[in-house]
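Understanding the architecture of this molecule
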Amino acid sequence: MESIASCIYFLISYIRGFFFGRAAPPTIPRFIPAPVTKEQLDYVDLAVIDLSKAATPEGRAQLVPEVRKALATQGFFYAINHGYTQEQTNCIFDIANLTFDGVAPEEKQEFTGDTEALGAYKGYKPRNYWKIDKGVDQIEHYNTHRSIVGQEHPRPLRPFISEMEDFARHNHFNVLHPVLRLLALGLELPEDTLVKTHNFDAKGETSVRFMKYYPRNEEEEKQTNNVWLKGHTDIGGVTILWSQPIAALQILSPQGKWQWVKHMDNALVINSGDVLQFLSGDFYKPTIHRVVQPPIDQRNKQRLGAFYFTMPDDNLKLVPYAESPVLQREGIHRLCEDEEAPTMEEWRKGRAVSYGRAALKIGTEKGVEEEIVRGVTVKHYN
C-alpha cells in the first residue's frame, strides 16, 4: 500500500509539472532562531544515538543496547545523522513559522479543528483552548495528518506541500521505522514487529505538528507558577522533536528532579509515550516532561517547534508483547487487564478529548492530579 500511495503522489506531481510547468516555489521569510542561552542550567545527560548506524544489521546490533537502556531508564535520547541537512531543517522551521505568522486570523479560524468532536487534533488549536491554571494557555499549534497531500491546508502553505510531504515521510520511514526496529530488537522480538503496526497509509493519527509558545506577561506567569505545559506523558508511542534553541523543555529524573534538555544543532529529541508502555509491559517507560518559562536571556521570544507525533494503526489492541523473551524474564506490568485494553483509536480519542478540558482530581502523590481514561489512570504533574 505504501508503494502504491507513493507512486500516485509522484504521478500527480509529474502531471502537474508536465501541464503547468515547474515554477520555482515562492520565497519564504527566513525564521531566525534565538541565540542559545548563556545561563548555566542543570541539563540532563541524554544518550546520543547515531541513526546512520541503523542502516546495517551490524549497526543495529550496536545500537540496540544503547536505545534499550535510554528508553528503559530515561525515556529520552538524542538522534543525530538522521538524513536531513541543516538547510533542510531550517526550511521546515521557515514553513512552521509561516503557519502562524503568515496565515490571517480568519483563515486560521477556517482551519481550526474540533478536537472534542473528532477525538484528534486537526488543523489549528488556538490559544486559550486548554482550560489549565485559570485558562492561561499561550500555545498555538497546527496539526496535519501525515498524508499531507490528502487534505486541505491554509493558502500560504500550499506552495510548500511537497516539502511538508517529504518531511512527514522522512520522519516516518527514515527516523520512526529505524527506531521501531531497534525497540523490537531490544525486546528480542522480530525486528519488524513494531514496524508492521505503524503503516503510513493505514487508518491512524500519526501527525506533523508545528507549535508556537507565545511569551506570557507577569500575571500569567504568576498564575501558572512559570509552568507553560504541565508535566505529562505523551499519548502515542514515539515522539520526534526537532531540537530548537530556546530552553524550556524539562524531564523529571528518576530522583524526582526537573532537569533541562539542552539544544543540539540539527538533532532530534526522541521520547517514548503511553503506547510503548502498554505494548512493552512497562519495560519502555514514558518519561514525565513539561515546558517552563525560558531562562532570562531568552524570555519574550516566541518558541517555535516542529514535531512528528506517532501512533500505531488505529486497530491495534494495546496489550503487551507477552511473547517477548525480555518481558518473560523481567516481568510484565499491565496498565489494565488484556481483555479491557483499549485499541489505539480508543486510547487516542480518550486522551485527546480530555486533555486540558476534563476536570482533574487531586491524586495520592503530592503535586499530582489525575483523570481516568479508558479505565487507566492518567497523571498530570504540577
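All values derive from a computational prediction rather than experimental measurement. (Residues numbered from 1 in each chain as written. Predicted model: local features only at pLDDT ≥ 70, side-chain atom pairs only at ≥ 80, totals over all residues. Heavy atoms only, no water.)

Brief notes about the side chain of His-198
- With respect to the helices, strands and loops of the structure, His-198 is situated in the loop between α6 (161–186) and β5 (207–213).
- Those residues in contact with His-198 that sit more than four places away from it in its chain are His-172, Leu-176, His-177, Leu-180, Met-311, Pro-312 and Asp-313. (Helix = DSSP H or I, 4+ residues; strand = E, 2+ residues; numbered from the N terminus. Contact = heavy atoms within 4.5 Å.)

Some details on the nonpolar core
- Counting 70 residues, the largest nonpolar core has Phe-77, Leu-183, Phe-210, Ile-240 and Ile-270 as the members making the most contacts within it.
- The biggest single contributor to this core is α6, with 11 residues.
- Once residues within four sequence positions are removed from consideration, Ile-270 is found in contact with Gly-75, Phe-76, Phe-77, Ala-79, Val-175, Val-179, Val-238, Thr-239 and Ile-240.
- Among the nonpolar cores identified, the runner-up in size contains 22 residues, and Met-211, Leu-241, Val-269 and Phe-307 belong to it. (Core = buried A, V, L, I, M, F, W, Y, C linked by side-chain atoms within 4.5 Å. Buried < 20%, exposed > 50% of the residue type's maximum accessible area, 1.4 Å probe, protein only.)

Things to note about the packing of aromatic side chains
- This structure, assessed with the given rule, holds 10 aromatic pairs.
- Relative to Tyr-124, the ring of Phe-100 has its centre 6.5 Å away and its plane inclined at 70 degrees; by these criteria the two rings are edge-to-face. On the criterion of sequence distance, the pair formed by Phe-100 in helix α3 (residues 86–101) and Tyr-124 in strand β3 (residues 123–125) is long-range, its members being 24 residues apart. The residues Phe-100 and Tyr-124 share a single accessibility class, namely buried.
- The structure contains a cluster of three or more aromatic residues connected by ring pairs, namely Tyr-84, Phe-167 and Trp-242. (Phe/Tyr/Trp six-rings, centres within 6.5 Å; stacked < 30°, edge-to-face > 60°.)

Concerning unusual backbone geometry
- We note that Asn-81 has phi near 50 degrees; this positive angle belongs to a residue other than glycine.
- Asn-81 sits in the partly exposed class, given a relative accessible area of 46%.
- The residue Glu-188 is not glycine, and still its phi comes out positive at about 60 degrees.
- By the element assignment, Glu-188 lies in the loop between α6 and β5.

Section: the pattern of salt bridges
- According to the stated counting rule, one finds 18 salt bridges in the structure shown.
- Residue Glu-107 is joined to Arg-155 by a salt bridge in which the shortest nitrogen-to-oxygen separation is 3.7 Å. With Glu-107 in helix α4 (residues 105–110) and Arg-155 in the loop between β4 (139–145) and α6, this residue pair connects regions lying 48 residues apart in the sequence.
- For Lys-203, the salt bridge is made with Glu-345, and the minimal N-O distance between the two is 3.1 Å. Here Glu-345 lies in helix α10 (residues 344–354) and Lys-203 lies in the loop between α6 and β5, a separation of 142 residues in the sequence.
- It is possible to trace a salt-bridge network through shared partners that takes in Arg-30, Glu-87 and Asp-94. (Salt bridge = Lys/Arg side-chain N within 4 Å of Asp/Glu carboxyl O.)

Looking at the sheet that holds β3
- Read from one edge of the open sheet, 8 strands run β1-β2-β10-β7-β12-β5-β4-β3, paired in mixed fashion. Edge positions in the sheet fall to β1 (48–50) and β3, since each of these pairs with one other strand and no more. This sheet shows a mean twist of 25 degrees between the axes of neighbouring strands, independent of strand direction.
- As defined by bridge partners, strand β2 (residues 76–80) adjoins strand β10 (residues 268–272) across 4 bridges and the pair is classed as antiparallel. (Pairing = 2+ DSSP bridges. Axes fitted to C-alpha atoms, helices over the stretch in contact; angles between N-to-C directions.)

A look at α3
- A rise of 1.5 Å per residue sets the reference length of α3, with its 16 residues, at 22 Å; its end C-alpha atoms lie 22 Å apart and thus fit the reference within 8%.
- Residues of α3 that are buried include every one of Thr-89, Ile-92, Phe-93, Asp-94, Ile-95, Ala-96, Asn-97, Leu-98, Thr-99 and Phe-100, and no others. (Expected span 1.5 Å × (residues − 1).)

Details of the confidence of the model for the chain
- Here the chain shows a mean pLDDT of 87. Residues at 70 or above account for 82%.
- Mean pLDDT in the chain bottoms out at helix α1 (residues 2–20), which sits at 42, and peaks at β1, which reaches 98.
- A low-confidence stretch, residues 1–24 (pLDDT under 50), is modelled with 16 contacts involving residues beyond four sequence positions or located in other chains. (pLDDT = per-residue confidence, 0-100.)

Here we look at the environment of Cys-91
- Relative to the elements of secondary structure, Cys-91 occurs in helix α3.
- Sequence separation between Cys-91 and Phe-160 is 69 residues, and the spatial gap between their C-alpha atoms is 9.9 Å.

So, the environment of Asn-315
- Positionally, Asn-315 belongs in the loop between β12 (303–309) and α9 (325–330).
- Asn-315 sits in the exposed class, given a relative accessible area of 66%.
- Each C-alpha atom, one on Asn-315 and one on Thr-343, is 5.8 Å from the other, the two residues being 28 residues apart in sequence.

Points about the pairing of strand β11 (residues 289–292)
- On β11, burial covers both faces: His-289 and Val-291 on one face and Arg-290 and Val-292 on the other are all buried.
- By the bridge criterion, 3 bridges tie strand β6 (residues 227–232) to β11 in an arrangement that is antiparallel. Following the sheet pairing, Leu-229 is matched in β11 by Val-291.
- Bridge count for strand β8 (residues 249–252) against β11 is 3 bridges, and the pairing is antiparallel.

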